[in-house]
Amino acid sequence: MRVYRSLIIAACLGVLLSACGAGESNVTTGNRTGFLHYGNGAEPQGLDPHVVTGVPESHIVRAIFEGLAVKNPVTLEPEPGVAERWEISEDGTVYTFYINPDAKWSNGESMTASDYVWSWNRALHPDTGSLYAYMLYPIVNSEAYSKREITDFSEVGVKALDDLTLQVTLNAPTPYFLQLMDHYSTFAVHPETLLKHGKMTDRYTPWTRVGSMVSNGAFTLEEWSLNRRIIIEKSEHYWDKDNVSLNGVYFYPTENVVSEERMFRAEQLHYTQTLPLDKIPAYRERENSPYVQAPYLGTYYYLINTDRPPVDDARVRKALSYALDREKLTKTVLQDTAIPAFAITPPDTLGYNPPKLFDYDPEEARRLLAEAGYPNGEGWPGLEIIYNTQEAHRKIAVAIQQMWKEALNIDITISNQEWKVYLNSVSQREFQVARRGWIGDYVDANNFLDLFLTDGGNNNTGYSDPVFDDIILNRAPKAKSRKERYQLFYDAEKMMLEEMPIIPIYTYTSKHLVHPSVEGIYPNLMDSLNLKYVKLDPERSLNME
Amino acid sequence: MGRFIFWRLIQAIPVIFAVITVTFFLVRSAPGGPFDSEKAVLPEVKRALEAQYKLDLPLHEQYFAYLGDLANGDLGPSFKYPGRSVNEILGSGLPVTAELGFYALCFALMIGVFAGVFAALKPNTKQDYIPMGMAMIGICMPSFLLGPLLVLVFGIQLEWLPIAGWGDLPGDKILPSITLGSAYAAYIARLSRAGMLEILSQDYIRTARAKGLPEWRVVTQHALRGGLIPVIAFLGPAFAGLLAGSFVVETIFQIPGLGRFYVQAAFNRDYTMILGTTVFLSTLIVLFNLVSDVIAAWLNPRLRAQFSRGNS
């Protein structure tokens, strides 16, 4: 017994001691070797562009794959990617992409137009079950194909005219179509690699693993340790490799934001996905602060079930919205990390600015509530707000509860629900008021306004207006100019807001800590970071005093 | 002894079977499903997904299909991580969590046994109160408090140790092991103190002292063996508890272990993963309980005599 015990103790001591000895920080090593250490927020569910749906996945997928067109990191306007140029027909419905002859897969094979035909067949095929299949719905017959109404893919408007020319025919002019080409659900995959591991439509074959994965982006997958890290390295076959500065990137699944911030302070990370709200004031005060905040293409709002009393009355909905002091909320509860919102579309969405129909106006709110039959809150039947369990949502709900009590003298109950229960309540419309956030998939007002189409899957409010539907589905796509189109969106959004099926609360911001040695990260509305443009300058160090 | 082990194993089968069945039906009765997401899922997409994971079959068929796969050691594909099987995820997380648990337990034993024995030698004096007071604090201090505190002092102020990761930087295994082990160290200290106190008052200890053995030999040769039986009995469940309970520490220190998958599976409604981790951990708990019973029996002559007479 004694012998065993001393052996165990000796072994433990040995292990602990051998592990000792402070080394160089990740940032120092990375700056020397050209590797970026990137806090990625969560373990990616996968890396198959036609399967994944989340933000952490998109960061990696967009680094190892590339679309036909990519967004300029500053202006977000489309630039050549795999396609070196494209032509759009006069009526805006036929796109001809000319694939860059230098565009290659990571195994050295040239990319062809037929790779795209095959990949989009996979992305749209009902058996694949791609959650983002609808991204390709502007293409002729694609929706019918993915709903199994037709089974012959050759009827879908995608043709390879020759090895390097891809012709895409759309149902109607779709001004944001090039934006979609930078969304991972429209990326091409390497057909032979997928077929080696299974059928075209299989979702869970190991083709995305290290060693099997063939991709076409600026980087290639080198290591994938589950829940530990993912390493990508510069690709030698990438067409624009001379403009890629980094030798590679380490992605860490930094789910715990508090730990992530500490890792940044200890120089284990160059870049964090976000940071805890209570740390922000201290970072702001710092000179040459590593804190970077920018407006983000997303809106935080309360969804209203317009079939449930008392919020079935538009006057009540307006009263609630007018009585909400968004300035105060964003200043206090949110520490100035959000922008008050008065519409669903975020401001300056590629030049589009939404209407602002109202302001904080408790007087008018009280008048509207009285008109609806609840003067000074008398006879108020009560109202419940549901939100998914999270401290930040609770704080906001409590603040709003107080504001409504003070301004309108009405009682609100707030209740939290576990994430999947909450999703179920929202989709079954088992709520009166529910917290909701919407993050745009592409930079266009359409992505926010089509939420309110009659019976749209993400509508959940019961809002329905045939004129609104007609503008979004028919008139805006056919608009001759961007100006005319934005005017139509403006009118539609105004119509929707006059019914107030939602209470807009704030526009999100992206919040990152960026080490001073990192260059080439441009804050933008999509929080879209193209790692291709990132450079490291070891001369610049973090001053945490 | 062989018979004792055999019977304990037979008893374990209905326990594990009940765990499987209850878990299987409970997770499926929870609201929401694995494919619900914030963006509405088109009905045809949902049908395709359910077909790929056999969720379109009647529930009892799914249950028997699962049992059939399980009998072949196949825990099924993960719903949340397409392309990965539950076996693979368990296989990647278990070694890390087990290693973390092992170091934590070693730390707990070193500190705990030493403090407990030390305290028991002079009960109700300062030598007793100080280590036991610290043990009480250790039991009360949750790891989500201790972990960040250690990080702040040793990682950020003193810059001695890395504050996150597992095997990425030298020394990054130390802080999580101490964080996870300290609550157990405190527990072990109390257990070994109680065990030692009982033994030290026994007749055979008095005999050993009477024949003139030095105190340190009385303690190490005669008392420890009996005095640590409660600690040994605690080790089995403790190790299983370390495996299942490492979630918090794994989250604080960004460790790629099992705990994070175990907890997140429930939030994600990742049916196969919930089942796989639960079945796996309950099997481990049953096994570790058995092992610690066997060791306790082996250490305790009275129990050993009972088994050899077959009165288990």
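Residues numbered from 1 in each chain as written. Chains lettered and ligands numbered in written order. Predicted model: local features only at pLDDT ≥ 70, side-chain atom pairs only at ≥ 80, totals over all residues.

(A) Spotlight on the overall build of chain A. Counting its regular elements, chain A contains 17 helices and 18 strands. Along the longest, intermediate and shortest principal axes, the C-alpha atoms of chain A span 75 × 75 × 50 Å. Looking at chain A residue by residue over its 545 residues, the buried ones come to 48%. (Helix = DSSP H or I, 4+ residues; strand = E, 2+ residues; numbered from the N terminus. Buried ≥ 20, exposed ≤ 12 C-beta atoms within 10 Å, placed from the backbone.)

(B) Looking closely at the confidence of the model for chain A. Residues and elements named next belong to chain A. Here chain A averages 91 in pLDDT, while 95% of its residues score no lower than 70. Mean pLDDT per element in chain A: helix H1 (residues 2-18) is the minimum at 48, and strand S7 (residues 165-169) is the maximum at 97. Confidence drops under pLDDT 50 across residues 12-21; counting only partners more than four residues distant or on other chains, this segment forms 13 contacts. (pLDDT = per-residue confidence, 0-100. Contact = placed C-beta atoms within 7 Å.)

(C) Local environment of the environment of A:Lys483. Looking at the element boundaries, A:Lys483 is found in helix H17 (residues 482-499). With 131 residues separating them along the chain, A:Lys483 and A:Tyr352 place their C-alpha atoms 8.9 Å apart.

(D) Region of interest: the packing of helix H10 (residues 314-322) of chain A against helix H12 (residues 362-371) of chain A. All names here are of chain A. Where H10 contacts H12, the two axes come as close as 8 Å, and the packing angle between them is 160 degrees. Between H10 and H12, the interaxial angle falls into the category roughly antiparallel. Between H10 and H12 lies a crossing whose hand is left-handed. Residue-level inspection shows Arg315, Val316, Lys318, Ala319 and Tyr322 of H10 in contact with H12, the latter providing Glu364, Ala365, Leu368, Leu369 and Glu371. Tallied by class, residues from the contact of H10 with H12 come to 6 nonpolar, no polar and 4 charged. (Axes fitted to C-alpha atoms, helices over the stretch in contact; angles between N-to-C directions. Parallel < 35°, antiparallel > 145°, perpendicular 65-115°, else oblique. Left-handed = near helix turned anticlockwise from the far one by under 90°. Nonpolar A, V, L, I, M, F, W, Y, C, P; charged D, E, K, R; others polar.)

(E) Quick look at the sheet that holds strand S5 (residues 94-99) of chain A. All names here are of chain A. The strand order across the open sheet built from 4 strands is S4-S5-S7-S6, with neighbouring strands paired in antiparallel fashion. Two strands in the sheet have a free side with no partner beyond their single neighbour: strand S4 (83-88) and strand S6 (158-162). Going across the sheet, the axis of each strand differs from the next one's by a mean of 20 degrees, ignoring polarity. Relative to S7, S5 runs antiparallel, the two being bridged by 5 bridges. Opposite Phe97, over in S7, you have Leu166 as the bridge partner. Each of S5, S6 and S7 touches helix H4 (residues 113-124); the most contacted strand, S6, lies at about 165 degrees to it. (Pairing = 2+ DSSP bridges.)

(F) Representation of the sheet that holds strand S16 (residues 502-513) of chain A within the structure. Residues and elements named next belong to chain A. The strand order across the open sheet built from 6 strands is S12-S16-S11-S15-S13-S14, with neighbouring strands paired in mixed fashion. Each having just a single partner strand, strand S12 (339-340) and strand S14 (412-417) make up the two edges of the open sheet. As paired strands, strand S11 (residues 291-304) and strand S15 (residues 433-439) are joined by 7 bridges and run antiparallel to one another. Each bridged residue has a counterpart across the sheet, and for Leu303 the counterpart in S15 is Ala434. Contacts from helix H14 (residues 419-427) reach S11, strand S13 (383-388), S14 and S15, with the element oriented near 130 degrees to S13.

(G) Expanded view of the interface of chain A and chain B. If you look at the interface, chain A gives 53 residues, while chain B gives 49 residues. Those elements giving two or more residues to the side of chain A that touches chain B turn out to be H1, helix H8 (257-265) and H14 of chain A. Residues belonging to the side of chain A that touches chain B are distributed by class as follows: 23 nonpolar, 19 polar and 11 charged.

(H) Geometry of the pairing of S13(A). Residue and element names in this part refer to chain A. Where burial is concerned, most of S13 is hidden: 5 out of the 6 residues are buried. Direction of pairing for S13 relative to S14: parallel, over a ladder of 6 bridges. Bridged to Ile385 within S14 is Ile414. The parallel pair S13 and S14 is bridged by helix H13 (residues 391-408), and the resulting crossover is right-handed. Where S13 lies against S15, 2 bridges are found, and the strand directions are parallel. Bridge pairing in S15 links Ile386 to Ala434. (Right-handed = clockwise from strand over helix to strand, strands pointing away.)

(I) Spotlight on the nonpolar core. Judged by nonpolar contacts, the single largest core of 230 residues is most densely connected at A:Val249, A:Tyr302, A:Ala323 and B:Ile188. With 16 residues, helix H4 (residues 86-121) of chain B is the single largest residue contributor to this core. When near neighbours in sequence (up to four residues on either side) are disregarded, A:Tyr302 contacts A:Ile385, A:Val433, A:Ala434, A:Arg435, A:Arg436, A:Ile502, A:Ile503 and A:Ile505. (Core = buried A, V, L, I, M, F, W, Y, C linked by C-beta atoms within 7 Å.)

(J) Quick peek at the pairing of S5(A). All names here are of chain A. Of the two faces of S5, only one is covered, namely that formed by Tyr95, Phe97 and Ile99; the face formed by Val94, Thr96 and Tyr98 stays uncovered. Bridging between S4 and S5 involves 5 bridges; their strand directions are antiparallel. Residue Glu87 lies in a different strand from S5, and its bridge partner there is Thr96. In textbook terms, the turn of a hairpin is the stretch between consecutive antiparallel strands, and for S4 and S5 this stretch comprises 5 residues, one of which, Gly92, has a positive phi near 75 degrees.

(K) Representation of helix H3 (residues 55-64) of chain A within the structure. All names here are of chain A. In terms of burial, H3 is largely enclosed, as 8 of its 10 residues are buried. For H3, every residue scored as buried is listed here: Pro56, Glu57, His59, Ile60, Val61, Arg62, Ala63 and Ile64. Taken together, the buried residues of H3 touch strand S8 (219-225), strand S9 (229-234) and strand S10 (248-252).

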